[in-house]
Every structure is written in C-alpha cells, then in structure tokens.
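Architecture and fold: a report
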Amino acid sequence: MEKILYIEDLEKAENKTLYCTFDEKIEGIDCVTPIHAELCIKSLGDFIEVTGNVKGTVTLECDLCLEKYEYKLDFNIDELYSKGTLLGEYSESGQEFEIKDGQFVTDLNGSKEIDIYDLLYQSVILNIPNKKVCGINCKGKDFLTEENIPDPRLEVFKNIQINPKD
C-alpha cells in the first residue's frame, strides 16, 4: 500500500472513496506480526474521513515483572481531517481541535496529502494500554520480600507491628 494518500487521487476516485490495506511492521514499535489495517477513506466536502480496523501483535514490557509479553491489537480507527478551508484560521497546521464533545478533527491546513503510515503509528501507540501488565496473575518480581528490600531506608518497615484497637 502507498503510505501517502494524495487528496487529488481521493477526489478523482469513484464516489470520492478509496479502500486500502496496510500490512507491514511499523518502525519504532516492536511488532511480532505485521500491522494489518483495512481502511476506507472518504472525501466529505471540506472533510476527509478515515475509518477501518487495525489488527496485529506487538511485544510489550510488563510494568510489574519487567518481562516481555505479546499484546494483541484489535481496534477501530475513525479519524476526521479538515482540508483547511473551514478551520485554517483557527488552528495551526497539523493541530487537533475539538468540534464537539469527543469529536476531534486534524486540520490539514492546505496540505495535499495524508500520511497513512503516521496515522497508523499514532493509532497503535494510543491503543497500547497505559498500564502494561503481562497477565491478571502477575505478581511482579516480589520486590517486597525480606531478602530483596529495594531501598535500605525501607528496612525500618520490616519490624512494624500493628496493634488492633480494643
């Protein structure tokens, strides 16, 4: 798939709609499998809508045990771009702004192309969980065992006794 979508090609397409498939690894992301995306790109007058589904498997590092694990991606894309004719004076090039609650538009500010590779990179990054945990039963590296106190200043807490109130 061409990584750059030229708006001129979209405007010339039947029903001003293009369908494309993306199947490759994305640089900067530890991909186990190529990222697979099925996209539908439509020109809607002053806007361009990109919708579709993205799947793939990436390698992440668990925040608890620091071991690597595979994470399956499966999410939908629904992006809206302004060609810059309506919103250009209110935003800077490439900036997102909110039209109404939960709906964001990226202003192309007169640009003649959309970088599909960059769109997919950003979408994958945003769909990786903030808290990366390898599994529901991950107990980390048992950092708080008596033999493995990570900071000598915490030594004082080993002998704390809590007496219940009568």
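Cut-offs and rules
Residues numbered from 1 in each chain as written. Predicted model: local features only at pLDDT ≥ 70, side-chain atom pairs only at ≥ 80, totals over all residues. Heavy atoms only, no water. Disulfide = S-S within 2.5 Å. Core = buried A, V, L, I, M, F, W, Y, C linked by side-chain atoms within 4.5 Å. Buried < 20%, exposed > 50% of the residue type's maximum accessible area, 1.4 Å probe, protein only. Helix = DSSP H or I, 4+ residues; strand = E, 2+ residues; numbered from the N terminus. Contact = heavy atoms within 4.5 Å. pLDDT = per-residue confidence, 0-100. Salt bridge = Lys/Arg side-chain N within 4 Å of Asp/Glu carboxyl O.

**Some remarks on the state of the cysteines**
By the definition in use, this model includes 0 disulfides. Free of any disulfide, cysteine 40 has its nearest cysteine sulfur in cysteine 20, 8.6 Å distant. Looking at cysteine 134, it has no disulfide partner, and the nearest cysteine sulfur is the one in cysteine 138, 3.7 Å off.

**Here's the deal with the nonpolar core**
Counting 33 residues, the largest nonpolar core has Ile35, Ile48 and Val124 as its most contacted members. Mapped onto this core, the elements with two or more residues apiece are α1 (7-12), β2 (17-24), β3 (35-44), β4 (47-61), β5 (68-82) and α2 (116-126). Setting aside chain neighbours within four positions, we find valine 124 in contact with Ile26, Ile29, Ile35, Val54, Leu73 and Phe75.

**A short note on the confidence of the model for the protein chain**
Interpreting fine coordinate detail is not advised for predicted regions of low pLDDT. On average, residues of the protein chain score 82 in pLDDT, and 80% of them reach the 70 mark or higher. The secondary-structure element of the protein chain with the lowest mean pLDDT is strand β6 (residues 96-100), recorded at 53, while β4 shows the highest, at 95. Across residues 87-91, where pLDDT falls below 50, the model places 9 contacts with residues more than four positions away in sequence or in other chains.

**Regarding the pattern of salt bridges**
Applying the stated rule across the entire model yields 4 salt bridges. Residue glutamate 8 pairs with lysine 12 through a salt bridge whose shortest N-O separation is 2.9 Å. With glutamate 8 and lysine 12 both in helix α1 and 4 residues apart, this pair spans about one turn of that helix. Each member of the pair, glutamate 8 as well as lysine 12, carries the same accessibility label: exposed. One salt bridge connects glutamate 11 with lysine 83, and the closest N-O pair in it is separated by 2.5 Å. In this pair, glutamate 11 sits in helix α1 while lysine 83 sits in the loop between β5 and β6, placing the two residues 72 residues apart along the sequence. It is possible to trace a salt-bridge network through shared partners that takes in Glu11, Lys16 and Lys83.

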